[in-house]
Structures are given as structure tokens and as C-alpha cells.
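So you can see what is in the structure, the chains are spelled out below.
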Amino acid sequence: MVETIAIASGKGGVGKTSLAVNCAVELANQTKRVGLLDADFGLANAHIMLNQKVSVSISDMLDGTSSMEDLVQVTPNGLKLIPGGSGVLEVMNIDSKKRWEVIKSLDHLENEIDFLFVDTPAGASDSSIEFAAACDKIIIVLVGEPTSFMDAYAFIKALSIEKNVGGVSIVVNMAKNASDATNSFESFKKIVSHFLEVDLTFVGWLPHSQTISNSIVARKPFILNKKENGNLKMRIDEIIKKVIDASRIKSNGIRFFDK
Ligand SMILES: Nc1ncnc2c1ncn2[C@@H]1O[C@H](COP(=O)(O)OP(=O)(O)O)[C@@H](O)[C@H]1O
Ligand SMILES: [Mg+2]
């Protein structure tokens, strides 16, 4: 059975793709069979962080000019990347039939992977909500700023109302330290639990770190940076472990690898 994990946020630029790429590469390095779907079709950039050239994209699959099998790229770490294209704006807001096609087209990977990470677009669009609710676990990336709180709240509210999602996992990114991260989580949890019946589980945090921003420029996931990653690796391992331990969500609507 494939464990499917969405990375979402509401707000853009909070570190979703960076988290998705590093968790996926770390699990692949632990010899797990891992897939990463870049579902941020309009602004896809997971392939850039992984330094992978992309020639065919999701839009070619949706056009019928190539099959999903042709799209899957295996990185040097054995990660199976399903790239989201490169700035093809038409596929940014694909309709629900096309989302169904994308989700179904991954069925052939069912016996080839143990984990699927889904990097979702920013905003509380139908696409981001549907791709997130189609997964077993949803990680919301939060940063300690009011705009991030607002957008994450709007996203969780939409998940709850439209998809009946009852729980999400929270990762605090760009924190000053552990207590700064837990403080952000606790303040956010207070707001959410006041208005919504959604359980929030704190699954870990990442510091604001030059190593992380440098790794994006260098197109090499920080988890592969042997010199500097001691602490960061610990943080990523903790996030992975807690997300795996979190209970699977139930939701309305289509799910990945659903029979
Ligand atoms: N923990 C961090 N420390 C420092 N910079 C970060 C961190 N996480 C993300 N960034 C920076 O934020 C930018 C956006 O990250 P990205 O993963 O693309 O966000 P998103 O996918 O949410 O839009 C990156 O270019 C990176 O430089
Ligand atoms: Mg992104």
C-alpha cells in the first residue's frame, strides 16, 4: 500500500517544495521506494531543486501526446519524479475531470513505490484542495507571520468544509529555534480550534537557514549536503517519522490509488 503525503500551505514561498523534495530524497536514501508528484503545474519547480531536465510534462499527458509512464523521471537517488511541467499556464487551473485523470494516471505506480509526496500549489484553489484531500496525510507548512497564518487557516477551513478533513499535520518553517517553532504552532492551533473542528498535529520544524537557501540555488537538496546537514537531517527525519505515525485522514472525493 502506498502512503500518500501532501505538502500544502495556503501561502506561497513558505518552503513547501523544498520540504517535499528533501523528505522524498531522504526516504529514497533510506532505500524506500518514493515518488514525488509536482502538482504545482503552473509554477512547477521540484525538478529545478532536483536538477532534473524536463522535456515532457503533465500538459503533454493531458493532451494525450505522451503517457504518464513517459513522464516519470528517476533521479540519481532512485526517487521517481513526476514533473509538473515548466510554467505552462494553461495547466495551472485544470478542471476536476483533468485532476481525476492525473490522480488516476498514477495507478500504475502502485506496486513500484511505498511513498508518494504531492507538492501542491499555493492558494485555496480547487486544485490544491482536491490534491491535498486525495492524500492519506496532509502537511501544512506554516511560517511565523500573520499572512501565513491567514492563508493556512483559509486552506484548512476549505479542507474541512469542502472535503470533511478532520486533521492535518503542521511543520513550522523558517523558525528561529525550537521554542519559536512551538510558539507559532500553539498560537495557530488556538485560532484554528476556536473556529474549526480540525485536529492539528505538530510534526516538526526547520530553522531559517542559509544552507537551505543555498541548496536551492545550487540545485542540490540540502539533505545531500554531507558537511552541513547534521541538524537539518535530524529535523527532516523527525518530520518523516511523525508524519508516518500520524493517523490517515478520511475525506470526501477522489483519492490516490483508490480502487
Ligand atoms: N528554512 C529555510 N531557510 C531559508 N530559506 C528558506 C527556507 N525554506 C525556504 N526558503 C526559501 O524560500 C524560498 C521558497 O521556497 P519554496 O520551497 O520554493 O516555497 P514554496 O514551494 O512554498 O513556494 C526558497 O527560494 C528558499 O530560498
Ligand atoms: Mg513550490
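Refer to the preceding data block for the structure.
About the thresholds
Residues numbered from 1 in each chain as written. Chains lettered and ligands numbered in written order. Predicted model: local features only at pLDDT ≥ 70, side-chain atom pairs only at ≥ 80, totals over all residues. Heavy atoms only, no water. Salt bridge = Lys/Arg side-chain N within 4 Å of Asp/Glu carboxyl O. Helix = DSSP H or I, 4+ residues; strand = E, 2+ residues; numbered from the N terminus. Buried < 20%, exposed > 50% of the residue type's maximum accessible area, 1.4 Å probe, protein only. Contact = heavy atoms within 4.5 Å. Near = heavy atom within 4 Å. Areas by Shrake-Rupley, 256 points an atom, 1.4 Å probe, with all protein chains shown as cover. Nonpolar A, V, L, I, M, F, W, Y, C, P; charged D, E, K, R; others polar. Disulfide = S-S within 2.5 Å. Phe/Tyr/Trp six-rings, centres within 6.5 Å; stacked < 30°, edge-to-face > 60°. Pairing = 2+ DSSP bridges. Core = buried A, V, L, I, M, F, W, Y, C linked by side-chain atoms within 4.5 Å.

Attention now goes to the pattern of salt bridges. If you walk through the whole model with that rule in mind, you get 15 salt bridges. As a salt-bridge pair, Glu101 and Lys97 come within 3.2 Å of each other at their nearest N and O atoms. You can see Glu101 and its partner Lys97 sitting in helix α5 (residues 96-105), 4 residues apart, about one turn around the helix. Taking relative accessible area as the criterion, Glu101 reaches 24% and is therefore assigned partly exposed.

Right, let's talk about the side chain of Gln73 for a bit. Following the sequence through the fold, Gln73 ends up in strand β3 (residues 73-74). Leave out the neighbours within four places in its chain, and Gln73 touches Gln52, Lys53, Val54, Ser55, Leu79, Lys80, Leu81 and Pro83.

Time to look at the site of ligand 1. In the vicinity of ligand 1, 16 residues are found, and the nearest of them are Gly13, Thr17, Ser18, Asn173 and Pro207. If ligand 1 stood free it would expose 560 Å²; the protein chains cover 80% of that surface. At the level of secondary structure, the elements contributing two or more residues to the shell around ligand 1 comprise α1 (16-29), β7 (167-175) and α9 (210-217). Residue composition of the shell around ligand 1, grouped by class: 6 nonpolar, 9 polar and 1 charged.

This part is about the state of the cysteines. One pass over the full model with this rule turns up 0 disulfides. Unpaired in terms of disulfides, Cys23 finds its nearest cysteine sulfur in Cys135, a separation of 13 Å. By relative accessible area, Cys23 is classed as buried at 1%. We classify Cys135 as buried; its relative accessible area is 0%.

The subject of this paragraph is the packing of aromatic side chains. Inspection of the entire model under this criterion finds 6 aromatic pairs. Both rings, one in Phe131 and one in Phe256, keep their centres 6.4 Å apart while their planes meet at 25°; by these two values the pair is stacked. In this pair, Phe131 is assigned in helix α6 (residues 126-133) and Phe256 in the segment after α10 (230-245), connecting sequence segments 125 residues apart. Assessed through its relative accessible area of 6%, Phe256 is described here as buried. Ring-pair connections join several aromatic residues into one group, and the members of that group are Phe41, Phe131, Phe256 and Phe257.

Taking strand neighbours across the sheet as the criterion, the 8 strands line up as β3-β4-β2-β5-β1-β6-β7-β8 in an open arrangement whose pairing is mixed. Two strands bound the open sheet, and with one partner strand each, they are β3 and β8 (199-207). As paired elements, strand β1 (residues 3-8) and strand β5 (residues 115-119) share 5 bridges and run parallel to each other. In the sheet register, Ile7 faces β5, and the bridge partner there is Asp119.

This brings us to the pairing of β1. Burial analysis of β1 places 6 of its 6 residues in the buried class, which makes it a mostly covered element. Because side chains alternate across β1, one face comprises the buried residues Glu3, Ile5 and Ile7, and the other comprises Thr4, Ala6 and Ala8, equally buried. With 4 bridges joining them, β1 and strand β6 (residues 137-142) adopt parallel strand pairing. Counted as the bridge partner of Ile7 is Ile139 from β6.

Core analysis: the largest hydrophobic core is formed by 55 residues, its most contacted members being Leu37, Ile82, Leu116, Val168, Phe188 and Phe256. It is helix α7 (residues 146-163) that contributes the most residues to this core, 7 residues altogether. Contact partners of Leu37, with chain neighbours within four places excluded, come to Ile58, Ile82, Val102, Leu106, Leu116, Phe117, Val118, Asp119 and Phe256. One finds Ala24, Met49, Phe222 and Leu232 within the second-largest nonpolar core, a separate group that totals 35 residues.

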